[in-house]
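# Chains, contacts and geometry: an overview
Residue-level listing of the chains:
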There are 2 protein chains.
Amino acid sequence: MRKSIAIDMDQVLANFYKKLCATYNENFGTSFTNEEFLLTTQRDLPKEDGKKLFELINEPDFFRDLELLDLDAIEVIKELQEHYEIYIATAAMDVPGSFNAKYDWLMQYLPFLNIQNIVFCGNKAVIHTDYLIDDSPGQLRAFKGTGIMYAMPYNADVDGFERVNNWLEIREYFMGMLVK
Amino acid sequence: MRKSIAIDMDQVLANFYKKLCATYNENFGTSFTNEEFLLTTQRDLPKEDGKKLFELINEPDFFRDLELLDLDAIEVIKELQEHYEIYIATAAMDVPGSFNAKYDWLMQYLPFLNIQNIVFCGNKAVIHTDYLIDDSPGQLRAFKGTGIMYAMPYNADVDGFERVNNWLEIREYFMGMLVK
């Protein structure tokens, strides 16, 4: 039986933080660079700003025009799909306004995906696949299969997971495994 | 560690077929009773009617005002939540127009639910819980834990799963298990 891989969306497939940073700068008169913002989570912002920022993210179209994080992702997923059962698992319940935009984004970038394999969830403890590629240490710890950490500045200090820096490394990891 | 239970929405929590039947009669000049309609799946309808019916179901508000299937469901879930990790797992990807209405329905009827435990999916092979309560033989077969069949006329001939007829039976099944 083919092994299965669940793939997170934000900061693995889609460049969430780039738009988040631009939205923040635009609304709060700041001038963070993307690199700075990647280390400034919402939790570190003043409470009122965090609340307003959430409202902006929860707008129905916020997630619609996120850029691809890594241009290689599409071709790698297409290739992996020939050997693995590919699922997309995104914690959309945190941002319920995002459902339609996230769905449309997936239809646009991964039209070859089996829509039965899309999962909008919260806690990824509920995901039953062999692997999960995610940038969130909390989600990777909750997950019961093998977690693969997509490297981001905010998870640089977290040990215990295989790390990948880009989609070519994901390709290498999973295609290499087939040979073994 | 607490055992976990995933609960399907349509025809387990929400009375989907009642509204489907009313919508059908209203749009196609028929006069099916609910009982007749429960044995007339969309697949048996003429192709054009099935397509139009899907469009009606996929309207953003179709799922918003579904009635509770069994008035006991809420209290039973509240009680089970004290002993089990409760997830809601609904195959929303089949009807992407339903996301917001389904979410709002859950917030209305199960406000005590942990929103991190809501899952909009397709194939329930991806659900990692100990139990799944579902009316769909296909989903129960795909699921890798213990499937509990919520009895409906269209699954009456399906063997291989524990069957429950209503929410008091669900209560009995799971609360009884705690004593063992």
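Residues numbered from 1 in each chain as written. Chains lettered and ligands numbered in written order. Predicted model: local features only at pLDDT ≥ 70, side-chain atom pairs only at ≥ 80, totals over all residues. Heavy atoms only, no water.

All names here are of chain B. Of all the six residues making up strand β2 (residues 85-90), five are buried; the element is thus mostly covered by neighbouring parts of the structure. With four bridges connecting them, strand β1 (residues 4-7) and β2 associate as parallel partners. Bridged to A6 within β2 is Y87. As judged from the three bridges shared by β2 and strand β3 (residues 118-120), these two strands associate in the parallel manner. Along β3, the bridge assignment pairs A89 with V119. (Buried < 20%, exposed > 50% of the residue type's maximum accessible area, 1.4 Å probe, protein only. Helix = DSSP H or I, 4+ residues; strand = E, 2+ residues; numbered from the N terminus. Pairing = 2+ DSSP bridges.)

On to the relation of the copies chain A and chain B, then. Placing chain A over chain B gives an RMSD of 0.0 Å and needs a rotation angle of 180°, together with 0.0 Å of translation along the axis. Taken together, the rotation angle and the small translation identify this as a two-fold axis. Looking at the interface residues of chain A, 100% of them are also at the interface in chain B, so both copies use one shared face. (Least-squares fit on C-alpha atoms with pLDDT ≥ 70 in both. Contact = heavy atoms within 4.5 Å.)

Residues and elements named next belong to chain A. Taken domain by domain, chain A comprises domain 1 (4-15 + 67-179) and domain 2 (17-65). Across the contact, 17 residues belong to domain 1 and 13 residues belong to domain 2. Here domain 1 packs against domain 2, burying approximately 1,300 Å² in sum over the two surfaces, 59% of which is carbon and sulfur. Linking domain 1 to domain 2 there are two salt bridges. Linking D104 and R64 is a salt bridge whose minimum nitrogen-to-oxygen distance equals 2.6 Å. By residue class, the composition of the side of domain 1 that touches domain 2 is seven nonpolar, five polar and five charged. (Domains from an automatic or database assignment. Buried area = accessible area lost by both parts, 1.4 Å probe. Salt bridge = Lys/Arg side-chain N within 4 Å of Asp/Glu carboxyl O. Nonpolar A, V, L, I, M, F, W, Y, C, P; charged D, E, K, R; others polar.)

Take the nonpolar core next. Within the largest apolar cluster, 101 residues are counted, with the highest numbers of intra-cluster contacts made by L13(A) and L13(B). Apart from the residues within four sequence positions on either side, L13(B) is in contact with I7(B), D8(B), E67(B), L68(B), L69(B), A73(B), I77(B), I88(B), W105(B), L106(B), L110(B) and W167(B). Grouped together as the second largest cluster of nonpolar side chains are 27 residues, A6(B), A125(B), M149(B) and V158(B) included. (Core = buried A, V, L, I, M, F, W, Y, C linked by side-chain atoms within 4.5 Å.)

As a further point, take the environment of L69(B). Residues and elements named next belong to chain B. As for its placement among the helices and strands, L69 is situated in the loop between α3 (47-57) and α4 (73-80). C-alpha separation for the pair L69 and Y17, spaced 52 residues apart in sequence, amounts to 9.7 Å. Those residues in contact with L69 that lie beyond four places of it in its chain are Q11, V12, L13, A14, N15, Y150 and M152.

Attention now goes to the packing of helix α4 (residues 73-80) of chain A against helix α7 (residues 167-179) of chain A. All names here are of chain A. At a closest axis distance of 9 Å, the pairing of α4 and α7 adopts a crossing angle of 15°. Between α4 and α7, the angle is such that the two are roughly parallel. Remark: the crossing between α4 and α7 carries left-handed chirality. Contacts between α4 and α7 pair A73, V76, I77, E79 and L80 from the former with W167, I170, R171, F174 and M175 from the latter. Grouping the amino acids of the contact of α4 with α7 by side-chain chemistry returns eight nonpolar, no polar and two charged. (Axes fitted to C-alpha atoms, helices over the stretch in contact; angles between N-to-C directions. Parallel < 35°, antiparallel > 145°, perpendicular 65-115°, else oblique. Left-handed = near helix turned anticlockwise from the far one by under 90°.)

Before going further, it helps to examine the packing of aromatic side chains. What the rule picks out here adds up to 37 aromatic pairs over all chains. For the ring pair F99(A) and F99(B), a centre distance of 6.0 Å and an interplane angle of 65° mean the geometry is edge-to-face. Residue F99(A) is found in helix α5 (residues 99-109), and its partner F99(B) is found in helix α5 (residues 99-109); the two belong to separate chains. Here F99(B) falls in the buried class, since its relative accessible area comes to 0%. Taking 4.8 Å as the distance between ring centres and 80° as the angle between the ring planes, the aromatic pair formed by Y173(A) and F174(A) counts as edge-to-face. The rings of F16(A), Y17(A), Y24(A), F28(A), F32(A), F37(A), F62(A), F63(A) and Y154(A) are connected pair by pair, giving a single aromatic cluster. One cation-aromatic arrangement involves K19(A) over F62(A); the distance from NZ or CZ to the ring centre is 4.6 Å. (Phe/Tyr/Trp six-rings, centres within 6.5 Å; stacked < 30°, edge-to-face > 60°. Lys NZ or Arg CZ within 6 Å of the ring centre and 35° of its normal.)

This part covers α4(A). Within α4(A) the residues assigned to the buried category are A73(A), I74(A), V76(A), I77(A) and L80(A). For α4(A), the angular spread of the buried residues around the axis is 165°, confining them to a single face. (Arc of directions from axis to C-beta.)

Residues and elements named next belong to chain A. For the structure on display, the rule yields 20 salt bridges over all chains. Residue D134 is joined to K124 by a salt bridge in which the shortest nitrogen-to-oxygen separation is 2.7 Å. Here D134, found in strand β4 (residues 131-134), pairs with K124, found in the loop between β3 (118-120) and β4; they are 10 residues apart in sequence, far enough to count as distant. The buried category is assigned to D134, whose relative accessible area is 1%. A single salt-bridge network, built from bridges that share partners, covers D8, K124 and D134.

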